[in-house]
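Structural overview for review
Each chain, written out:
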Amino acid sequence: MVMKQDSTLENGLESFIDEELIWSEIDKAINPDPSLVREVLAKAGERKGLTPFEAAVLLKNTDLEMDNEIFETAMKVKKGIYGNRLVLFAPLYITNECANQCEYCGFNARNKELERRTLTAEEIHKEVEVLEDIGHKRLLLVYGEHPKHGADWIAQTVRDVYSVTSSKSGEIRRVNVNCAPLDVEGFKKLHEVGIGTYQCFHETYHRASYDKYHTAGRKKDYLWRLHAMHRAMEAGIDDVGMGALFGLFDPVFEVMGLLYHAMQLEMDHGVGPHTISFPRLEPAQGSDIAFSPPYLASDHDFKKIVAVLRLAVPYTGLILTTRENADFRKELIKVGVSQLSAGSRTYPGAYSDPEFDRPDVQQFCVGDSRSLDETIRSIVGEHGYVPSWCTACYRLGRTGEHFMELAKTGFIQKFCLPNGLLTFKEYLEDYGTEETKKVGEELIRKELANYSDPERRNLLTDRLARMEKGERDLYL
Ligand code: SAM
Ligand code: SF4
């Protein structure tokens, strides 16, 4: 149980992040005995997950050889659960109007240099058409927090996105949302319009740092944000996505904060987060702290954070965005990432209007500027990953708790991989360039040849052939 013994209630809410406990566990994890590191790694290798203390033990290890073992174990666990499938999505920025003052963000209300823009229904339509026309099926809608943009308005933008269908197989099949925390009634509205995952990052679990970097606006309220996932689940949203912004505070503390948050959710709602994100602080217009983060994690340490998260919560999706550059993204995918954004623009309107496709107006600097097709060619051709836009589980109601249970029984290999291949085939047929088609068809042939279950292989072969004849949106 992680409830703080001496906590005082603020607005009826209580913190379940016990800083004293976290610090005492970090102290115990410093310079861990190699035998303890091995013991923790052995448990992790069996996909049993890790306690926050065990995660700290791995993160505090300084022996490079042992670090390599951590990476190898994470690779094995990732491969064992997810195979070589990688889910792809694109962010769609709906508004950068924001009344908050988050010291690290380009959308900070104090940033007077930034031209504020909120997309109209017509502009949303144009953006979605462009995204559909390059092959996207899953979008993450992103919003600044402004009093004039309540739950009804956000829900309407979700409807607007779902309503757009363009040529070929163009339609958005899963809309995830990253917006400021709502009350239960507000979350119900998002649930009613069929959002997939509700995503919200706590930024830093360390209370004093949180207070320091959130100086004005609704987001100042640490506990309101800390309980956002609980409220979303209470409203019926099964899939929630947590995250921390790495660079604001001690990364070991943040990883433990994430894990305690996940544990609390599981305790109270029977299921942990569907995904975890780990954005690393990037330079942003008008933000001093974003240019010189107080707790900058080296690439090695950041890779270790991703690997340890994979070991700590083996069945939770790990999301990597284009904040990181192309080469480093390849490293991070190996040690645990299961979802990837590609071809991203971080200013409202930037997909359809070249005027807004400029580095100086984006929310933060994008590190990987490759197009979706280039990204796919690289992950397929160089690394043998199967890009997936599969939304079958979500559309068949296999979300939240049920999804976790299924994932634990090898379901991902049985359903996700073939369904991923089917969505990839759809992409190649409708959107792939000749070059990508070549490497893609080769991968599909290889995957089919290696598929061990003959009955399912036949089903898959049949559906792939039907797709070549023009059928779309087939899954098992
Ligand atoms: N306004 C909503 C909120 O704050 O929850 C959602 C949108 S906000 C644009 C999405 C996320 O971007 C934030 O939660 C934060 O983690 C991340 N972010 C903000 N500034 C960043 C920066 N300079 N570098 C990297 N990520 C950043
Ligand atoms: Fe606004 Fe979100 Fe940026 Fe904070 S992180 S300034 S709330 S958009």
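Keep in mind the model is a prediction, meaning the values are calculated, not measured. (Residues numbered from 1 in each chain as written. Chains lettered and ligands numbered in written order. Predicted model: local features only at pLDDT ≥ 70, side-chain atom pairs only at ≥ 80, totals over all residues. Heavy atoms only, no water.)

Section: the overall build of the protein
If you tally the helices and strands in the protein, you get 20 helices and nine strands. Over its C-alpha atoms the protein spans a radius of gyration of 22 Å, differing by no more than 12% from the 23 Å that the globule rule assigns to 476 residues. In terms of overall dimensions, the protein has C-alpha extents of about 65 × 55 × 40 Å along its principal axes. Burial status across the protein gives 61% buried among its 476 residues. Pairs at least 24 apart in sequence give 74% of the contacts found in the protein among residues at least 6 apart. As displayed, the protein offers around 18,800 Å² of accessible surface, 49% of which is attributable to carbon and sulfur atoms. (Helix = DSSP H or I, 4+ residues; strand = E, 2+ residues; numbered from the N terminus. Rg over C-alpha atoms; globule rule 2.2 N^0.38 Å. Buried < 20%, exposed > 50% of the residue type's maximum accessible area, 1.4 Å probe, protein only. Contact = heavy atoms within 4.5 Å. Areas by Shrake-Rupley, 256 points an atom, 1.4 Å probe, with all protein chains shown as cover.)

Looking at the pairing of strand β2 (residues 138-143)
Where burial is concerned, most of β2 is hidden: six out of the six residues are buried. Burial of β2 is two-sided: the residues R138, L140 and V142 facing one way and the residues L139, L141 and Y143 facing the other way are all buried. By the bridge criterion, five bridges tie strand β1 (residues 85-95) to β2 in an arrangement that is parallel. Within the sheet, the bridge partner assigned to A90 lies in β2 and is L139. This β-α-β element, β1 to helix α5 (residues 121-133) to β2, shows right-handed connectivity. For β2 and strand β3 (residues 174-178), the ladder comprises five bridges, and the chain directions are parallel. From the neighbouring strand, L139 faces β3, where its bridge partner is V175. Handedness of the crossover joining β2 and β3 through helix α6 (residues 151-162): right-handed. (Pairing = 2+ DSSP bridges. Right-handed = clockwise from strand over helix to strand, strands pointing away.)

Digging into the pattern of salt bridges
Inspection of the entire model under this criterion finds 36 salt bridges. Across the pair D67 and K304 runs a salt bridge, and its minimum N-O distance is 2.9 Å. Here D67, found in helix α4 (residues 64-82), pairs with K304, found in helix α13 (residues 299-312); they are 237 residues apart in sequence, far enough to count as distant. Of the two residues, D67 and K304, neither departs from the other in class, the shared state being buried. With its nearest N and O atoms 2.9 Å apart, the salt bridge here joins R173 to E171. The class of R173 is buried, set by a relative accessible area of 6%. Residues joined in a network through salt bridges with shared partners are E171, R173, R395, E426 and D473. (Salt bridge = Lys/Arg side-chain N within 4 Å of Asp/Glu carboxyl O.)

Regarding the domain arrangement of the protein
By domain assignment, the protein separates into domain 1 (19-79), domain 2 (84-392) and domain 3 (410-468). Here the C-alpha centre of domain 3 lies 28 Å away from the C-alpha centre of domain 2. The partner domain 3 presents 20 residues to the 26 residues of domain 2 that form the contact. Summing both partners gives a buried area of about 1,800 Å² for domain 2 against domain 3, and 62% of it is carried by carbon and sulfur. (Domains from an automatic or database assignment. Buried area = accessible area lost by both parts, 1.4 Å probe.)

Side note on the site of ligand 1
Looking at ligand 1, there are 19 residues lining it, with Y104, Y143, E203, K219 and R225 nearest. The side chain of K219 places a nitrogen or oxygen atom 2.8 Å from an oxygen atom of ligand 1. Measuring from an oxygen atom of ligand 1, one finds a side-chain N or O atom of R225 at 2.6 Å. Protein burial of ligand 1: of its 570 Å² of free accessible surface, 96% is covered by the chains. (Near = heavy atom within 4 Å. Polar contact = N/O pair within 3.5 Å; in protein donor to acceptor, adjacent residues only side chain to side chain.)

With respect to the packing of aromatic side chains
Following the criterion strictly, the structure yields 14 aromatic pairs and no others. Here the aromatic rings of W23 and F249 are separated by 5.9 Å at their centres, their planes lie at 80 degrees, and the arrangement is edge-to-face. Linking W23 in helix α1 (residues 19-29) with F249 in the loop between β5 (240-243) and α11 (251-269), this pair joins segments that are 226 residues apart in sequence. The exposure class of W23 is partly exposed, given its relative accessible area of 31%. An angle of 35 degrees between the planes, with centres 6.1 Å apart, marks the rings of Y427 and Y431 as tilted. Just as Y427 is buried, Y431 falls in that class too. Through successive ring pairs, a cluster of aromatic residues spans W23, F249, F253 and Y295. (Phe/Tyr/Trp six-rings, centres within 6.5 Å; stacked < 30°, edge-to-face > 60°.)

Here's the deal with the environment of K112
Position of K112 among the secondary structure elements: in the loop between β1 and α5. Separated by 3.2 Å, the side chain of K112 and the backbone oxygen of A109 make a polar contact.

Some details on the confidence of the model for the protein
Any region with low pLDDT has predicted coordinates that should not be read closely. The predicted model of the protein averages 92 in pLDDT, with 95% of residues at 70 or higher. Segment residues 1-7: pLDDT under 50, and 14 contacts once partners within four positions in sequence are set aside and those in other chains are kept. Here the predicted complex carries an ipTM of 0.99, next to a pTM of 0.95. (pLDDT = per-residue confidence, 0-100.)

Here's the deal with the side chain of T275
If you trace the backbone, T275 turns up in strand β6 (residues 275-277). The class for T275 is buried, based on a relative accessible area of 1%. Not counting residues up to four positions away in its chain, the partners in contact with T275 are T197, V240, G241, M242, T316, G317, I319 and Q339.

With respect to helix α7 (residues 184-192)
The α-helix winds at 3.6 residues per turn, so residues separated by three or four positions along the chain end up facing the same way. The complete set of buried residues in α7 reads V184, G186, F187 and L190. Here the buried residues of α7 occupy an arc of 155 degrees about the axis, which is enough to place them on one side. (Arc of directions from axis to C-beta.)

What to know about the packing of helix α18 (residues 411-430) against helix α20 (residues 454-468)
In the contact formed by α18 and α20, the axes pass within 10 Å of each other and the chain directions differ by 15 degrees. Comparing their axes, α20 and α18 come out roughly parallel. α18 and α20 meet at a crossing whose hand is right-handed. Across the interface between the two elements, K414, F415, P418, L421, L422, K425, E426 and E429 from α18 touch R456, L460, R463, L464, M467 and E468 from α20. Its residues assigned to classes, the contact of α18 with α20 comprises seven nonpolar, no polar and seven charged. (Axes fitted to C-alpha atoms, helices over the stretch in contact; angles between N-to-C directions. Parallel < 35°, antiparallel > 145°, perpendicular 65-115°, else oblique. Left-handed = near helix turned anticlockwise from the far one by under 90°. Nonpolar A, V, L, I, M, F, W, Y, C, P; charged D, E, K, R; others polar.)

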